[in-house]
Amino acid sequence: MIFIKNLKSVSDQEWSTTEKYPGVRWKFLIDADFTGSSGLSLGFAEIAPGGDLILHYHSPAEIYVVTGGVGTLNKSGKLEEVKKGDVVYIAGNAKHALKNTGKETLEFYWIFPTDRFSEVKYLY
Ligand code: 7BC
Ligand code: NI
């Protein structure tokens with residue numbers, strides 16, 4: 001049987017932040033903790049100009065879908081520019097970071113092959 005869950009409107013969810021990631025805020029959109037979904041999870045993040053989702057890694061692989069702005073992606077020390085329209089695959093346990101190097105908000109969706117964001121263990 002196939003269950004199709006509605007994409008929760010971005011405005012329905014509260015923003016989360018942490019001092020660890022200056023200028024970064026995010027929301028959970030498809031996540032077992034909120035939507036009763038399983039297998040995959042989706043979140044949306046914004047990075048303010050100068051903000052930095054610092055270098056980290058986690059065992060699940062991850063996909064970014066960049067929907068606004070420009071920034072520098074650090075892939076295990078290799079720097080690469082990303083911009084609106086780009087999609088990024090990050091292998092499990094690969095170190096990565098994303099910094100907004102532009103003047104506009106850097107916006108992206110992230111996808112994990114996990115039921116929920118809260119089960120992704122962040123390592124630094
Ligand atoms: O955007 C956030 C905030 C915790 O995390 C998802 C992006 C990532 O690379 O794990
Ligand atoms: Ni990550």
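Our structure's up above, just so we're on the same page.
This report concerns the structure included in the present document. Values in this document were obtained by computation on a predicted structure and should not be read as measured data. Residue numbering note: each chain is counted from 1, following its sequence as written. Chain A is the first chain written and ligand 1 is the first ligand written, with later ones labelled in order. Residue-level local features of this predicted model are given only where pLDDT is at least 70; pairs of side-chain atoms are given and counted only at 80 or more, and the full residue set underlies all totals for whole chains, interfaces and linings. Computation of side-chain values: all heavy atoms of the structure, hydrogens and water removed.

Looking at the sheet that holds strand β4 (residues 62-68)
Part 1: Paired strands, as defined in this entry, are two strands with at least two bridges between them according to DSSP. Elements are defined by DSSP. Helices are runs of H or I of four residues or more, strands are runs of E of two residues or more, and each kind is numbered from the N terminus. Taken in spatial order, the five strands make up an open sheet running β1-β2-β9-β4-β7, and their pairing is antiparallel. The sheet terminates laterally at β1 (24-30) and β7 (87-90), the two strands that pair on one side only. Neighbour-to-neighbour, the strand axes of the sheet open up by a mean angle of 20 degrees, direction not taken into account.
Part 2: Looking at chain direction, β4 and strand β9 (residues 106-112) are connected through five bridges and run antiparallel. In the sheet register, valine 66 faces β9, and the bridge partner there is phenylalanine 108. The axes used here are C-alpha line fits, helices contributing only the stretch in contact, and every angle between their N-to-C directions lies in the interval 0 to 180 degrees.

A few points about the side chain of histidine 56
Part 1: The topology assignment puts histidine 56 in strand β3 (residues 52-56).
Part 2: Definition of a polar contact: a pair of N or O atoms within 3.5 Å, with one able to donate and the other able to accept a hydrogen when the atoms are protein atoms, and with sequence-neighbouring residues admitted only if both atoms are side-chain atoms. At 3.5 Å, the side chain of histidine 56 and the side chain of histidine 58 are in polar contact.
Part 3: Ignoring anything within four residues of it in the chain, the contact list for histidine 56 reads Glu62, Tyr64, Ala94, Lys95, His96, Tyr122, Leu123 and Tyr124. Contacts are assigned to residue pairs with any non-hydrogen atoms lying within 4.5 Å of each other.

As for the coordination of the nickel ion (ligand 2)
Part 1: Excluding water, the donors of a metal are its N, O and S neighbours within 2.8 Å, or within 3.2 Å for Na, K and Ca, and that exclusion means sites may look incomplete. Distances from the nickel ion (ligand 2) to its protein donors, His56 (NE2), His58 (NE2), Glu62 (OE) and His96 (NE2), fall at 2.1 to 2.3 Å.
Part 2: Around the nickel ion (ligand 2) sit six donor atoms, and with donor-metal-donor angles ranging over 59 to 167 degrees the site reads as irregular.
Part 3: Positions of the donor residues of the nickel ion (ligand 2) along the chain correspond to the pattern H-x1-H-x3-E-x33-H.
Part 4: Since its relative accessible area comes to 1%, histidine 58 is described here as buried. In this scheme the shape depends on donor count and angles: four donors with every angle between 85 and 135 degrees give tetrahedral, four or six donors with opposite pairs above 155 degrees and others between 65 and 115 give square planar or octahedral in turn, and any other case is irregular. Any residue under 20% of the maximum accessible area for its type is buried, any over 50% is exposed, and the rest in between are partly exposed; the area is computed with a 1.4 Å probe on protein chains only.

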